[in-house]
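# Summary of structural features
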Amino acid sequence: MGLDPKRTVRELKELRALTATEDGAQRVAWTDVWLTSRTWFESKLHGLPVEHHFDAAGNRWVTLQGASDRALLLGSHLDSVPNGGWLDGSLGVLAALEVLRRIASEYKGRPPVTIRLVDFADEEGARFGRSLLGSSAFAGTHSVEADRVRTDKDGIRMDAALRRCGVEMDEFPEARIEQKNAAAYLELHIEQGPVLENFMMPLGVVLGTKGVERHAITFHGQEAHSGATPMKVRRDALAAAAKLALEIRSIAGRHPDAVCTIGSLKTFPGIVTAVVGRAEATLDQRDLSATVLAQMYRDARDASERFAKEEKCTVEWSRIWNIEPIQFHPELIKRCREAIAETAGAAHQLPSGPLHDAAEVSRAGIPTVMMFVQSIGGISHNKIEDTSEDHLEMAVRAFDRLANKTMAWIQSA
Ligand SMILES: [Zn+2]
């Protein structure tokens with residue numbers, strides 16, 4: 001029995017029928033609907049020559065033992081955001097299942113290397129605000145203490161919600177044992193953005209996930225009466241902030257894939273009859289290169305100081321959050337490009353703005369690459385999220401080719 005990409009599309013629809021309402025997918029991690037989706041997935045394993053279990057962080061592992069213990073990992077996540085789409089995460093898990101079935105059948109249950117499918121728990125962080133939960137436990141980058149006291153919108157603590165699903169947060173560090181013998185990790189995911197559609201490319205090689213620098217920037221000027229204060233003597237904090245809001249476009253524009261966003265701006269006292277004495281802005285900068293990120297941060301800081309001076313104001317910065325960029329493995333990027341070219345004719349290369357489980361796996365030192373398939377209209381985390389069935393089937397075929405090439409790479413290493 002060979003690869004059957006149409007079966008993947010059928011199963012995605014089956015899962016949607018089981019776990020979506022008219023508002024979209026409801027597979028929020030640590031809820032009953034999510035548990036239903038996991039039970040449904042388990043039913044798909046009947047008859048396959050595999051061992052399966054949950055690790056200490058609630059990630060599901062399905063193992064097809066090979067002649068070598070060195071393992072090719074294939075995975076993604078079944079959980080969704082509330083009112084989410086039918087493909088985010090679930091495509092990657094079900095495509096991995098189809099590839100595992102094909103390999104099990106082709107090698108009569110004993111492939112040359114071990115194949116392991118993983119369904120990571122709580123990629124989205126939709127209920128407790130902690131994304132990449134299961135994969136960070138696997139990678140050993142999770143800090144249990146910071147997370148256990150998180151609560152959902154009903155005040156339920158994270159550790160209690162996980163316990164109800166049979167997961168003890170204290171045991172999270174044990175999930176790292178699943179790293180044993182891991183030789184490579186592959187993940188197929190929808191793009192969730194408009195780039196592939198704009199280039200009219202069905203599939204893309206993901207070069208890595210962008211790093212993020214996120215800062216709060218406050219300009220201090222002088223509150224003053226809007227009628228009594230001549231223009232020349234004003235110290236208008238909003239004027240300085242506004243100059244920066246425009247300047248970040250050219251700061252990002254010096255680098256091909258960089259983005260900079262001032263997403264929030266508050267003015268004080270914020271009334272119609274006063275010059276703004278204080279303006280509080282947030283800045284979010286992203287790029288795949290740590291050097292570019294550092295450069296953009298310096299440029300924005302220098303610009304803010306220049307504009308503060310021009311407006312007779314002062315400026316202060318404080319970091320809200322940051323994460324370093326993750327570059328995927330060059331050998332696997334090459335094989336992913338070949339697999340796409342052989343399936344679809346041409347391969348586009350792009351970085352991922354959103355984070356993915358693959359970033360955590362890569363941080364654990366396991367060679368990793370992701371493949372993206374086009375998202376119609378670039379929309380995701382929404383019930384209208386969609387990809388054409390032709391593209392879904394093509395993605396499963398290209399991902400299967402990538403798995404073959406990666407198995408050969410693991411054997412040759
Ligand atoms: Zn996802």
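Below or above, wherever it landed, is the structure these notes cover. Note that the structure is predicted; figures quoted are calculated from it, not measured. (Residues numbered from 1 in each chain as written. Predicted model: local features only at pLDDT ≥ 70, side-chain atom pairs only at ≥ 80, totals over all residues. Heavy atoms only, no water.)

### Observations regarding the packing of aromatic side chains
Quick reminder of the rule: Whether two aromatic rings pair depends on their centres lying within 6.5 Å, for rings of Phe, Tyr and Trp, where Trp uses its six-membered ring; planes under 30 degrees apart make the pair stacked, over 60 edge-to-face, and the rest tilted. Only DSSP runs of H or I covering at least 4 residues are called helices, and only runs of E covering at least 2 are called strands; the numbering of each starts at the N terminus. Criterion for a charge above a ring: Lys NZ or Arg CZ within 6 Å of the ring centre, and within 35 degrees of the ring normal.
Considering all chains together, one arrives at six aromatic pairs under this definition. Pairing Phe-120 with Phe-138 gives two aromatic rings, centres 6.0 Å apart and planes at 55°, and the pair type is tilted. Taken together, the residues Phe-120 in strand 6 (residues 113-120) and Phe-138 in helix 4 (residues 133-139) connect sequence positions 18 residues apart. For the pair Tyr-297 and Trp-317, a centre-to-centre distance of 5.6 Å together with 75° between the ring planes defines the contact as edge-to-face. Of this pair, Tyr-297 sits in helix 9 (residues 290-310) while Trp-317 sits in strand 14 (residues 314-323); the two residues are 20 residues apart in sequence, bridging distant segments of the chain. Members of the aromatic cluster, each reached through a chain of ring pairs, are Trp-61, Phe-120, Phe-138 and Tyr-185. Residue placement shows Arg-16 over the ring face of Trp-86; its charged tip is 4.3 Å from the ring centre.

### Quick word on the environment of Trp-40
Heads up, the rule is: Partly exposed describes any residue whose relative accessible area lies between the buried limit of under 20% and the exposed limit of over 50%, with all areas from a 1.4 Å probe on protein chains only and scaled to the type maximum. Working rule for contacts: check all heavy atoms of both residues, and any pair within 4.5 Å makes them a contact.
Tracing the chain through its elements places Trp-40 in helix 2 (residues 32-43). Given a relative accessible area of 10%, Trp-40 falls into the buried group. Considering only alpha carbons, one finds Trp-40 and Glu-14, 26 residues apart in sequence, at a separation of 9.5 Å. Residue contacts for Trp-40: discarding those within four places in its chain leaves Glu-11, Glu-14, Leu-15, Leu-18 and Leu-94.

### A few points about the packing of helix 8 (residues 237-253) against helix 9
Filter applied, for reference: Only the stretch in contact is used when a helix axis is fitted, and all axes are lines through C-alpha atoms; the angle between N-to-C directions ranges over 0 to 180 degrees. Just so you know how the angles are binned, under 35 degrees is roughly parallel, over 145 roughly antiparallel, 65 to 115 roughly perpendicular, and the rest oblique. Left-handed is the label given to a crossing in which the near helix is rotated counterclockwise from the far helix by less than a right angle, and right-handed is the label when the rotation is clockwise. The classification used treats Ala, Val, Leu, Ile, Met, Phe, Trp, Tyr, Cys and Pro as nonpolar, Asp, Glu, Lys and Arg as charged, and all other residues, Gly among them, as polar.
One way to put it is that helix 8 packs onto helix 9 with a least axis distance of 9 Å and a crossing angle of 150°. It follows from the interaxial angle that helix 8 and helix 9 lie roughly antiparallel. In this structure, helix 8 meets helix 9 at a crossing whose hand is right-handed. Contacts between helix 8 and helix 9 involve Ala-240, Lys-243, Leu-244, Glu-247, Ile-251 and Ala-252 on the former and, on the latter, Met-296, Asp-299, Ala-300, Ala-303, Ser-304, Arg-306, Phe-307, Ala-308 and Glu-310. Of the residues that constitute the contact of helix 8 with helix 9, the class distribution is nine nonpolar, one polar and five charged.

### Details of empty space enclosed by the protein
To be explicit about the condition: Cavities and pockets were defined on a 1 Å grid built from protein atoms only: a cavity is a group of points that admits a 1.4 Å probe but offers it no way out, a pocket is an open group of points flanked by protein on both sides within 12 Å along at least five of seven lines, and a lining residue is one with an atom within 4 Å of any such point. Grid points are joined across faces, edges and corners, and a volume is the space filled by probe spheres set on the points.
For the structure shown, the criterion picks out one cavity of 30 Å³ or more. Estimates place the volume of the largest cavity at around 40 Å³. Together, Leu-132, Ile-323, Glu-324, Ile-326, Leu-355, Ala-359, Glu-360 and Arg-363 line the largest cavity. Among the elements that line the lining of the largest cavity, the one with the most residues is helix 11 (residues 357-363), at three residues. The residue inventory of the lining of the largest cavity, partitioned by class, reads five nonpolar, no polar and three charged.

### A closer look at the layout of surface pockets
What the largest pocket holds in volume is close to 600 Å³. Lining the largest pocket are 26 residues; nearest its centre among them are Glu-123, Ser-131, Leu-132, Trp-321 and Leu-355. Counting only elements with at least two residues in the lining of the largest pocket, the list comes to strand 9 (211-220), strand 14 and helix 11. Grouping the constituent residues of the lining of the largest pocket by class yields six nonpolar, 11 polar and nine charged. The volume enclosed by the second largest pocket comes to roughly 300 Å³. Glu-191, Val-195, Lys-210, Pro-351 and Gly-353 are the residues nearest the centre of the second largest pocket, which is lined by 18 residues in total. With five residues, the single largest contributor to the lining of the second largest pocket is strand 16 (residues 348-352). Its residues assigned to classes, the lining of the second largest pocket shows nine nonpolar, six polar and three charged.

### Digging into the side chain of Asp-287
Note the cut-off: His residues and chain termini do not enter the charge count, which takes Lys and Arg as positive and Asp and Glu as negative. We count a salt bridge whenever a side-chain nitrogen from Lys or Arg sits within 4 Å of a carboxyl oxygen from Asp or Glu. Any pair of nitrogen or oxygen atoms within 3.5 Å is treated as a polar contact; in protein, a donor-acceptor pairing is required on top of that, and neighbouring residues in sequence qualify only through side-chain atoms on both sides.
When you line up the elements, Asp-287 lands in strand 13 (residues 278-287). Put simply, Asp-287 is tucked away with no salt bridge, and the nearest opposite charge, on Lys-210, sits 5.7 Å away. Of the polar contacts made by the side chain of Asp-287, one reaches the backbone nitrogen of Ala-258; its length is 3.3 Å. Ignoring any residue separated from it by four or fewer positions in sequence, one finds Asp-287 in contact with Lys-210, Gly-211, Asp-257, Ala-258, Val-292, Leu-293, Met-296 and Pro-325.

### Quick word on the coordination of the zinc ion
To keep things clear, this is the line we draw: Atoms are scored as donors when they are N, O or S and lie within 2.8 Å of the metal, with 3.2 Å used for Na, K and Ca; no water is included, so coordination may look incomplete.
Surrounding the zinc ion are the protein donor atoms His-77 (NE2), Asp-88 (OD) and His-189 (NE2), at 2.0 to 2.2 Å. Each donor residue of the zinc ion belongs to the same chain, and together they define the spacing H-x10-D-x100-H. Of this pair, His-77 sits in strand 5 (residues 68-77) while His-189 sits in strand 7 (residues 182-190), and the two are 112 residues apart along the sequence. For the residue pair His-77 and His-189, the accessibility class agrees, reading buried in each case.

### Some remarks on the side chain of Arg-101
Along the chain, Arg-101 falls in helix 3 (residues 90-106). When its relative accessible area of 9% is taken as the criterion, Arg-101 is described as buried. At 2.7 Å, the side chain of Arg-101 and the side chain of Glu-11 are in polar contact. Ignoring anything within four residues of it in the chain, the contact list for Arg-101 reads Arg-7, Glu-11, Lys-44 and Leu-48.

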